[in-house]
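Next come the chains, spelled out residue by residue.
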Amino acid sequence: MTPEDLDFLLTAAGRALLEFADGLDFSRTQVVASTEAVRRVDPQHAAAAIDVVTARARAAGRIRGADRMVLTDEAVQQATAWPVAALRALRLSSRVVHDVTCSVGAELGELVRTADRVVGSDLDPVRARMAARNVPEALVCVADALAPPTRDAVIVADPARRSGGRRIHDPAQLSPPLPALLEVVGGRDHVIKCAPGLDTSVLDHRGEVEVVSL
Ligand SMILES: C[S@@+](CC[C@H](N)C(=O)[O-])C[C@H]1O[C@@H](n2cnc3c(N)ncnc32)[C@H](O)[C@@H]1O
């Protein structure tokens, strides 16, 4: 999704295109006809609109309120499932929290239910804009997780784990790299989500580890 696609989708015409696409069936037998129908209405923005409505469908049950969100399929695949995010949010009740890899705001949506104040940031400006639109209760900006613009907030991070579709075992290969992130947030309260399979033996981590399985 380009910044221009997102500009358009946030206009009245863009919302109308999303509403039209949302009413179509993108299951395997109907995907060609439905794609054609969206292209006939707006060839330039059809791909982005279809990405959003199919991502919403994929996110059902995984992200609360996804049917009203602007998101992409890739972001949904990376998103924390809401029961996991809600569990973490409960532990951060009444705190000031900064999600430094907020993507389109799946975790922010859970954090704003419990935390005192919530800041979100992401290096990807399109995702950050989506998060700002999806979770207006949070303050969202574009920032590098390795230089977070808050001082005292509890840091929440969920580094990207997949590269070229393959799982990563080396913490330094995550984005942002886990050793560098730990160095930056080590002096503050922090929570970092890690996928199973990560070789944590190479990290000098002495804090709590919580294992959550769905
Ligand atoms: C796994 S996703 C986070 C998903 C999020 N927890 C959710 O539930 O939707 C990782 C995010 O980290 C962002 N990212 C990668 N490197 C970053 C960095 N150095 N600073 C800030 N964000 C970064 C990516 O753009 C991506 O949106």
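Look up a bit, the structure's there.
Rules used in this analysis
- Residues numbered from 1 in each chain as written.
- Predicted model: local features only at pLDDT ≥ 70, side-chain atom pairs only at ≥ 80, totals over all residues.
- Heavy atoms only, no water.
- Pairing = 2+ DSSP bridges.
- Helix = DSSP H or I, 4+ residues; strand = E, 2+ residues; numbered from the N terminus.
- Axes fitted to C-alpha atoms, helices over the stretch in contact; angles between N-to-C directions.
- Buried < 20%, exposed > 50% of the residue type's maximum accessible area, 1.4 Å probe, protein only.
- Near = heavy atom within 4 Å.
- Polar contact = N/O pair within 3.5 Å; in protein donor to acceptor, adjacent residues only side chain to side chain.
- Areas by Shrake-Rupley, 256 points an atom, 1.4 Å probe, with all protein chains shown as cover.
- Nonpolar A, V, L, I, M, F, W, Y, C, P; charged D, E, K, R; others polar.
- Core = buried A, V, L, I, M, F, W, Y, C linked by side-chain atoms within 4.5 Å.
- Domains from an automatic or database assignment.

Caption draft 1: Spotlight on the sheet that holds strand β1 (residues 96–99). One open sheet accounts for 5 strands, arranged β3-β2-β1-β4-β7; its pairing is parallel. On the outer flanks of this sheet lie β3 (139–142) and β7 (190–192), each paired with one strand and no other. The sheet shows a mean angle of 15° between the axes of neighbouring strands, taken without regard to direction. Summarising the sheet, β1 and strand β2 (residues 117–122) pair through 4 bridges and their orientation is parallel.

Caption draft 2: Up close: the pairing of strand β4 (residues 154–157). What you see with β4 is no split at all: V154 and V156 on one side and I155 and A157 on the other are buried throughout. Here 3 bridges tie β1 to β4, and the two strands are oriented parallel to one another. In the sheet register, D99 faces β4, and the bridge partner there is V156.

Caption draft 3: Molecular detail of the site of the ligand. In the region of the ligand, 19 residues are neighbours, and T80, D122, R127, A145 and D158 sit closest. At a separation of 2.9 Å, an oxygen atom of the ligand approaches a polar backbone atom of T80. Contacts to the ligand include D158, whose side-chain N or O atom sits 2.9 Å from a nitrogen atom. For the ligand, whose unbound accessible area comes to 600 Å², protein coverage reaches 94%. Partitioning the shell around the ligand into residue classes produces 8 nonpolar, 5 polar and 6 charged.

Caption draft 4: Layout of the nonpolar core. Of all hydrophobic cores here, the largest spans 28 residues; its most connected members are L9, L18, V38, I63, L71, V76 and M130. A per-element tally of this core places helix α4 (residues 46–59) first, with 8 residues. Two domains each put at least three residues into this core: domain 1 (3–59) and domain 2 (79–202). Counting residues in each nonpolar core, the second largest holds 15 residues, with L92, L108, A138 and V156 among its members.

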